[in-house]
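Coordinate analysis (summary)
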Amino acid sequence: MAKKEVTVEEKLRALYDLQLIDSRIDEIAAIRGELPLEVEDLQDEVAGLHTRLEKLKIDLSTVDDSIKAKKIAIDESKQLITKYQEQQKNVRNNREFNSLSKEIEFQELEIELSEKHIKEFKAQIVQKKEVIAQTEQRISDRTTHLDHKKAELDDIMAETQKEEEALLKKSEDFEKKIEDRLVSAYKRIRTNVKNGLAVVPVERGASGGSYFTIPPQVQAEIASRRKIITDEHSGRILVDLELATEEGEKMGKIFAKF
């Protein structure tokens, strides 16, 4: 979309206004701090704990089913032992008697093994119930912490969201006043420099945020507002202090309305 032809000074003022708006948005984000990430991390943690709890309960149910299966196997073995013992009463020779005795012995070993497994399963149930109780307590603790953090974030959002939305709209409006290449350069500089300051005033002979002195001739060019000049050390766009003061006062009145 083509931009309306504007003077260099108007571009500089628009760029500095855009910087002031975006810096205020950065301040609001700083007020929220790490809270949004903390809330997101807590939500993920609580969801993970619920998944773990569900798996533990499934595992507990599986172990309980295994105990039931072993008890059924024990009953079946006991029935077979009774059957074989009855058959021993009617055997015709020692070979048949010994064969049935081996079957009885085998079923007794099966019972012994099943009882051993049941004992192990019961120990697993005790352990899993302990882990389930710990996980449920962890969920309760983290959910309480999450609710606290969400309430804290909601309070901050309630205080700042209206202003932030207005500022974001204002930022978009100011971008439309500046040609695309300058907007792109501004955003690139903001990404690469400390504190997101892409447009800074010249103060005490140096660019804002820098200790490198700007030659008097360059300072004069900046003050003339006839071309856009960047700091050779940081790449920031430079404006004169008078312009910065004027725009700061103007934007301060706008911010006060939000």
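See the structure above.
What counts and how
Residues numbered from 1 in each chain as written. Predicted model: local features only at pLDDT ≥ 70, side-chain atom pairs only at ≥ 80, totals over all residues. Heavy atoms only, no water. Helix = DSSP H or I, 4+ residues; strand = E, 2+ residues; numbered from the N terminus. Polar contact = N/O pair within 3.5 Å; in protein donor to acceptor, adjacent residues only side chain to side chain. Contact = heavy atoms within 4.5 Å. Pairing = 2+ DSSP bridges. Axes fitted to C-alpha atoms, helices over the stretch in contact; angles between N-to-C directions. Parallel < 35°, antiparallel > 145°, perpendicular 65-115°, else oblique. Left-handed = near helix turned anticlockwise from the far one by under 90°. Core = buried A, V, L, I, M, F, W, Y, C linked by side-chain atoms within 4.5 Å. Buried < 20%, exposed > 50% of the residue type's maximum accessible area, 1.4 Å probe, protein only. Salt bridge = Lys/Arg side-chain N within 4 Å of Asp/Glu carboxyl O.

**Details of the side chain of aspartate 231**
Within the fold, aspartate 231 resides in the loop between β3 (229-230) and β4 (237-239). A distance of 3.1 Å separates the side chain of aspartate 231 from the side chain of serine 207, its partner in a polar contact. When sequence neighbours within four positions are dropped, the list of residues in contact with aspartate 231 reads Ser207, Ser210, Arg236 and Leu238.

**Looking at the sheet that holds β4**
Taken in spatial order, the 4 strands line up as β2-β1-β4-β3 in an open sheet, and their pairing is mixed. Since the sheet does not close on itself, it has two edges, and those belong to β2 (206-207) and β3, each with one partner.

**What about the packing of helix α2 (residues 35-88) against helix α3 (residues 94-176)?**
The N-to-C vectors of α2 and α3 enclose an angle of 165°; their axes lie 6 Å apart at closest approach. Considering the angle they form, α2 stands roughly antiparallel to α3. Crossing angle aside, the handedness with which α2 passes α3 is left-handed.

**A few points about the nonpolar core**
Membership of the largest hydrophobic core comes to 26 residues, with the highest contact counts inside it found for Leu15, Tyr16, Ile21, Ile178, Val199, Val239 and Met251. Sort the elements by how many residues they give to this core and helix α1 (residues 8-32) lands first, with 9 residues. Of all hydrophobic cores here, the second largest spans 17 residues; its members include Leu49, Ile81, Leu100 and Ile118.

**Structural notes on the pattern of salt bridges**
Across all of its chains, the model carries 25 salt bridges by this definition. In this structure, glutamate 45 and arginine 142 form a salt bridge, with 3.3 Å as the shortest nitrogen-oxygen distance. Residue glutamate 45 is found in helix α2, and its partner arginine 142 is found in helix α3; the two are separated by 97 residues along the sequence. Ionic pairing is found between aspartate 64 and lysine 68, a salt bridge with its closest N-O pair at 3.6 Å. Here aspartate 64 pairs with lysine 68, and both are found in helix α2, just 4 residues apart, close to one helical turn. Taking the relative accessible area as the measure of exposure, aspartate 64 reaches 32% and is therefore partly exposed. Within the structure, one salt-bridge network assembled from shared partners comprises Glu9, Arg13, Asp17, Arg225, Asp240, Glu246, Glu247 and Lys250.

By themselves these figures say nothing about function.
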